[in-house]
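Working through the structure, step by step
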Amino acid sequence: MNYIKRTDFYDIYIEPSRKTVVIRQKWKYNWVVGEEVSNWTYLEKKAWHQKADNVIWQQWGSKFTFWSLVEKALTSNEYLHRKEFNVEFDIQWVTTNQHWTVNVAKIGPYEEVVSRVNYTSKNIYLAHIDTERRIEADINQNTLKHEFGHAIGVPDEYGKKHGNSYNPYHVDDTKALMNIGNELRYRYLRGVKKEINTMIPGVSFASFLN
Ligand SMILES: [Zn+2]
């Protein structure tokens, strides 16, 4: 038996038989074209989605673990007691019922896109090159991987000089993904953990970074 929770930002699947938790986002694409580039072809769109899915699957996936604990009184859920769940992430290309509208701009070498997530309008803005790692000044990260963090509810951690938002707690952790680095941190699953702990009565989950 699988357990499913749909949130505004993603769906959570708990699959006890596979000992897996899947965080799945449905993306509806808006293919934007810059000034000096050709239109997106269908093959390019397909390849871009494939690449984005790979980045999220490989760079976010199989890095976190959830451990389940069952309250003693709830014997019906005992089969879930002290089980280790691998955490997977994936995106699905949809044309309706999306969590996010994802605007991917194909741009020329002199054009720029400010990659970002808008929670109010449920839009993600990306450049086609965001699937690659960006190394620039003191920034060294995969932009898509970073923006996906926002899409599951994690705020920026960098200091004021890098942008408008400011998180005083992790501003010095510059290797962290939601700062200017590329490394995942245990704290990035806090929001997901809160959701998953509402899914099965009597069962609570603790998350770890592998
Ligand atoms: Zn950010």
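Residues numbered from 1 in each chain as written. Predicted model: local features only at pLDDT ≥ 70, side-chain atom pairs only at ≥ 80, totals over all residues. Heavy atoms only, no water.

1. Looking at the overall build of the protein chain
- For the protein chain, the helix and strand inventory stands at three helices and eleven strands.
- Traced from its N-terminal end to its C-terminal end, the protein chain shows the element sequence β-β-β-α-β-β-β-β-β-β-β-α-α-β.
- Its C-alpha radius of gyration of 18 Å places the protein chain within 12% of the 17 Å reference for a compact globule of 210 residues.
- In terms of overall dimensions, the protein chain has C-alpha extents of about 65 × 40 × 30 Å along its principal axes. (Helix = DSSP H or I, 4+ residues; strand = E, 2+ residues; numbered from the N terminus. Rg over C-alpha atoms; globule rule 2.2 N^0.38 Å.)

2. Observations regarding helix H2 (residues 143–151)
- With nine of nine residues buried, H2 is to be regarded as a mostly interior element.
- Among the residues of H2, Thr143, Leu144, Lys145, His146, Glu147, Phe148, Gly149, His150 and Ala151 are the ones counted as buried.
- With a side-chain oxygen positioned 3.0 Å from the backbone nitrogen of leucine 144, the residue opening H2 is asparagine 142.
- In the segment just after H2, glycine 153 is the residue with positive phi, at about 100°. (Buried < 20%, exposed > 50% of the residue type's maximum accessible area, 1.4 Å probe, protein only. Polar contact = N/O pair within 3.5 Å; in protein donor to acceptor, adjacent residues only side chain to side chain.)

3. Some thoughts on the pattern of salt bridges
- Evaluation of the coordinates by the stated rule reveals 13 salt bridges.
- Between arginine 18 and glutamate 88 there is a salt bridge whose closest N-O contact spans 3.6 Å. One end of the pair, arginine 18, is in the loop between strand E2 (11–15) and strand E3 (20–33); the other, glutamate 88, is in strand E5 (residues 84–93), with 70 residues separating them in the sequence.
- Lysine 106 is the salt-bridge partner of glutamate 44, the closest N and O atoms lying 2.9 Å from each other. Of this pair, glutamate 44 sits in helix H1 (residues 42–60) while lysine 106 sits in strand E6 (residues 100–106), and the two are 62 residues apart along the sequence.
- Judged by its relative accessible area of 11%, lysine 106 is buried. (Salt bridge = Lys/Arg side-chain N within 4 Å of Asp/Glu carboxyl O.)

4. Let's talk about a nonpolar patch on the surface
- A cluster of nonpolar side chains, contributed by Tyr42, Leu43 and Trp93, occupies part of the molecular surface with about 360 Å² of accessible area.
- Its location among the elements puts tryptophan 93 in strand E5. (Patch = residues over 30% accessible without salt bridge, like charges linked within 9 Å, V, L, I, M, F, W, Y side chains within 5 Å. Areas by Shrake-Rupley, 256 points an atom, 1.4 Å probe, with all protein chains shown as cover.)

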